[in-house]
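Fold and geometry: a report
Each chain is listed here by its residues.
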Amino acid sequence: MKGILIRWIVLAIALGITTSLVPGIHFEGDLLTLFFVSAVLGLLMAVLRPILVLLTCPFVILTFGLFIFVINTLMLYITAWIFPNSLRIDTFWWALLASIIMGIIATVLGAILGEE
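Residues numbered from 1 in each chain as written. Predicted model: local features only at pLDDT ≥ 70, side-chain atom pairs only at ≥ 80, totals over all residues. Heavy atoms only, no water.

**Concerning the overall build of the protein**
- Secondary structure summary: the protein contains five helices and two strands in total.
- In sequence order, the protein lays out its α and β elements as α-β-α-α-α-β-α.
- The dimensions of the protein, computed from C-alpha atoms along their principal axes, are 40 × 35 × 20 Å.
- Buried positions account for 34% of the 116 residues belonging to the protein.
- Nonlocal contacts in the protein, meaning residues at least 24 apart in sequence, comprise 67% of its contacts between residues at least 6 apart.
- For the protein, the accessible surface area stands at approximately 7100 Å², while carbon and sulfur atoms represent 78% of it.
- Of the side-chain charges in the protein, 4 are positive and 5 negative, and the distance between the mean point of each set is 8 Å. (Helix = DSSP H or I, 4+ residues; strand = E, 2+ residues; numbered from the N terminus. Buried < 20%, exposed > 50% of the residue type's maximum accessible area, 1.4 Å probe, protein only. Contact = heavy atoms within 4.5 Å. Areas by Shrake-Rupley, 256 points an atom, 1.4 Å probe, with all protein chains shown as cover. Lys, Arg positive; Asp, Glu negative; His and termini not counted. Charge placed at Lys NZ, Arg CZ, Asp CG, Glu CD.)

**Remarks on unusual backbone geometry**
- You will see that Phe64, though not glycine, has its phi angle at about 55 degrees, which is positive.
- Relative to the elements of secondary structure, Phe64 occurs in the loop between α3 (57–62) and α4 (67–82).
- A relative accessible area of 78% means that Phe64 is categorised as exposed.

**Comments concerning a nonpolar patch on the surface**
- Taken together, the side chains of Leu66, Phe69, Ile100, Ile104, Val108, Ile112 and Leu113 present a nonpolar region at the surface, about 630 Å² in accessible area.
- Of the residues forming the nonpolar patch, the biggest block, five residues, is contributed by helix α5 (residues 92–113).
- Here Ile104 is to be found in helix α5. (Patch = residues over 30% accessible without salt bridge, like charges linked within 9 Å, V, L, I, M, F, W, Y side chains within 5 Å. Salt bridge = Lys/Arg side-chain N within 4 Å of Asp/Glu carboxyl O.)

**Some remarks on the side chain of Thr56**
- With respect to the helices and strands, the residue Thr56 is situated in the loop between α2 (31–55) and α3.
- When near neighbours in sequence (up to four residues on either side) are disregarded, Thr56 contacts Phe67 and Ile71.

**Some remarks on the packing of α4 against α5**
- Relative to each other, α4 and α5 sit at 105 degrees, their axes nearing to 8 Å. Compared by their axis directions, α4 and α5 come out roughly perpendicular. Contact residues: Phe69, Val70, Asn72, Thr73, Leu76 and Tyr77 in α4; Phe92, Ala95, Leu96, Ala98, Ser99, Ile100 and Met102 in α5.
- Its residues placed into classes, the contact of α4 with α5 shows 10 nonpolar, three polar and no charged. (Axes fitted to C-alpha atoms, helices over the stretch in contact; angles between N-to-C directions. Parallel < 35°, antiparallel > 145°, perpendicular 65-115°, else oblique. Nonpolar A, V, L, I, M, F, W, Y, C, P; charged D, E, K, R; others polar.)

**So, the nonpolar core**
- Leu15, Ile25, Leu41, Leu76, Leu87, Ile89 and Met102 are the most contacted members of the largest nonpolar core, which has 25 residues in total.
- Of all the elements in the fold, those that place two or more residues in this core are α1 (2–21), α2, α4, β2 (87–89) and α5.
- The element contributing the most residues to this core is α5, with six residues.
- Discounting chain neighbours no more than four positions away, the residues touching Leu87 are Thr19, Ile25, His26, Phe27, Val37, Leu76, Thr79 and Ala80. (Core = buried A, V, L, I, M, F, W, Y, C linked by side-chain atoms within 4.5 Å.)

Below, the structure is given as structure tokens:
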């Protein structure tokens, strides 16, 4: 349970930092909304992402794993679709950049906080 809470906090921080760094990703809302959005994004990453990775396995292998960034971008788009008033994405390229930055921030924060 503690690990899930740490991952949720890490994802919320990474989403907050990413929306402030990337000009094409816009977040309107308070801290509670940020936690709800990150909870849905985390749920999508835990449930839907493995299915998509499995279904697109040839593309993942062919691109040496870079297609994972496209799948992460899709997860961000689905989250923005669920929360249209809170999270807005301008273009695919901004979303791709945001997913890369979020991955880097989440990895660094996870290592600092001792995420398992």
